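# Examining the three-dimensional arrangement
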Amino acid sequence: MRILFYLLFLEEKRDAFVAFHNDKSLVKKYLKSLLIGELAPDQPSFESNKKKSLLEDFRELRCTIEKMGLLRPNYHFFFLIFLHLLVLDAASWLVVWYFGISLVPFLAGMVFFTTAQIQMGWFQHDLGHCSVFRKPRWNHLLQIVVINMLKGLPASWWNHLHNQHHAKPNCFHKDPDLNMHPLLFSLGKTLSKELGKQKKKFMPYNYQHKYFILLAPLALVPFFQLSTIYFAIKRKKWLDLILVVTFNIRVCLMYVPLMGFNNFMVYYWLSRYLESSWFIWVSQMNHIPMDIDYDKNKDWVSTQLHATCNVKQSLFNDWFTGHLNFQIEHHLFPTMPRHNYWKVAPLVKSLCDKHGIEYKTKTLLTAFADILHSLKDSGEHWLEAYLHG
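Everything numeric in this text was worked out from a predicted model, so none of it was measured. (Residues numbered from 1 in each chain as written. Predicted model: local features only at pLDDT ≥ 70, side-chain atom pairs only at ≥ 80, totals over all residues. Heavy atoms only, no water.)

## Brief notes about the side chain of K168
One can find K168 in the loop between α7 (155-167) and α8 (189-197). Looking at K168, the relative accessible area reads 18%, which means it is buried. At 3.2 Å, the side chain of K168 forms a polar contact with the side chain of D295. For K168, the contacting residues outside a window of four places in its chain are K174, D175 and D295. (Helix = DSSP H or I, 4+ residues; strand = E, 2+ residues; numbered from the N terminus. Buried < 20%, exposed > 50% of the residue type's maximum accessible area, 1.4 Å probe, protein only. Polar contact = N/O pair within 3.5 Å; in protein donor to acceptor, adjacent residues only side chain to side chain. Contact = heavy atoms within 4.5 Å.)

## Let's talk about the pattern of salt bridges
For the structure on display, the rule yields eleven salt bridges. Of the charged contacts in the structure, one is a salt bridge between D126 and R338, with a shortest N-O distance of 2.8 Å. Taken together, the positions of D126 in helix α5 (residues 103-128) and R338 in the loop between α14 (327-332) and α15 (341-354) put the pair 212 residues apart, joining distant regions of the chain. R338 gets classed as buried once you look at its relative accessible area, which sits at 2%. A salt bridge links D295 to K174; the nearest nitrogen and oxygen atoms lie 2.7 Å apart. Here D295 is found in the loop between α11 (261-284) and α12 (300-307), whereas its partner K174 is found in the loop between α7 and α8, with 121 residues between them in sequence. For D295, a relative accessible area of 24% corresponds to the partly exposed category. On the basis of relative accessible area, K174 is assigned to the partly exposed category, the value being 38%. Overlapping salt bridges bring together K151, R272 and E275 as one network. (Salt bridge = Lys/Arg side-chain N within 4 Å of Asp/Glu carboxyl O.)

## Description of the packing of aromatic side chains
Applying the stated rule across the entire model yields 32 aromatic pairs. For the ring pair Y255 and F264, a centre distance of 6.0 Å and an interplane angle of 15° mean the geometry is stacked. Residue Y255 shares its accessibility class with F264, and that shared class is buried. Put simply, the rings of F106, F113, Y255, F264, Y267, Y268 and W269 pair up and form one aromatic cluster. Of note, K199 hangs over the ring of Y386, and the distance from its end group to the ring centre comes to 5.6 Å. (Phe/Tyr/Trp six-rings, centres within 6.5 Å; stacked < 30°, edge-to-face > 60°. Lys NZ or Arg CZ within 6 Å of the ring centre and 35° of its normal.)

## What to know about the packing of helix α10 (residues 238-259) against α11
Axis separation between α10 and α11 bottoms out at 8 Å; the angle between their running directions is 125°. Taken together, the axes of α10 and α11 are oblique relative to one another. For the pair α10 and α11, the sense of crossing is right-handed. Along the contact surface, α10 presents F247, N248, V251, C252, Y255, V256 and M259, while α11 presents F261, N263, F264, Y267, Y268 and R272. In terms of residue class, the contact of α10 with α11 is built from ten nonpolar, two polar and one charged. (Axes fitted to C-alpha atoms, helices over the stretch in contact; angles between N-to-C directions. Parallel < 35°, antiparallel > 145°, perpendicular 65-115°, else oblique. Left-handed = near helix turned anticlockwise from the far one by under 90°. Nonpolar A, V, L, I, M, F, W, Y, C, P; charged D, E, K, R; others polar.)

Here you go:
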């Protein structure tokens, strides 16, 4: 009896593979060890629950944007991005150095430091997706400089978590961005009802839309600090750990002589809290209001579209969010340089219209408000199940 072996990934899984890798020739040489056989001619290349016509149209769209050159980076754009975050970082020190630590320069320096740090976060995000340079190696090297040496976080830690998020966004147990459920928040209708029926109450979830504003960024600061160190030690990422320690030594040497240790602690940790608040609202405005559930084994395109939404374009919104206001396009084409999202957006919208999929676009304030509305709804579903389920 002949035993049929299957490829590690079925045919439609290639969409995820193609989305994450621009340099196909580089990664193909590592795939041979994963090949355990060939599909027999009579075996289907699509699972029955996948939308074959949607995937075929998406692949055609992918070919179109490649021919249009939309996956090629504009080096002048990213040079200006990098330059402006360095100017912001320098300004945070120069203001305090020149004007002293009276209230106004102290707060101004803090604003510059916070803004520089969040913009570094958006830029290292570009580098982590290999969308700044054509060669992955150069992206990874500059990412280490930006996130390790200029932000004090390990690049390997960020890549490990963020790649999982992109593979299965809003899928519980597979998207690490949902790890706040259920310890701090109850997310999504299905998960909230399940939590309520199990009579679990780690927090008063029916009030989570009220405590999210304060608690979410407050919890993120120690989580980032402790989890990154734990990750680096556990994975033996010694270079990452050394560079993170170097960052902390550098900022202490820069600021402590100017303002003293106690003032620096206020300056640094308040800046981190403000940065965390900025990051939480931007990163969650596209995801928390969308479908949150267990993995339904949907096709690549449907998985991304049901977990993301967009925020209207403007120069401020693009800068403020690091172009993550185009979350739909970013998730469908994660290696696309962010300056091209607006160009491909009409094509993606046409694809959604053709297949009857909602292409959600909101104002920035509406997107922020929808986070709280979604949390309120989830909390009510939990409370109803908790009391009567």
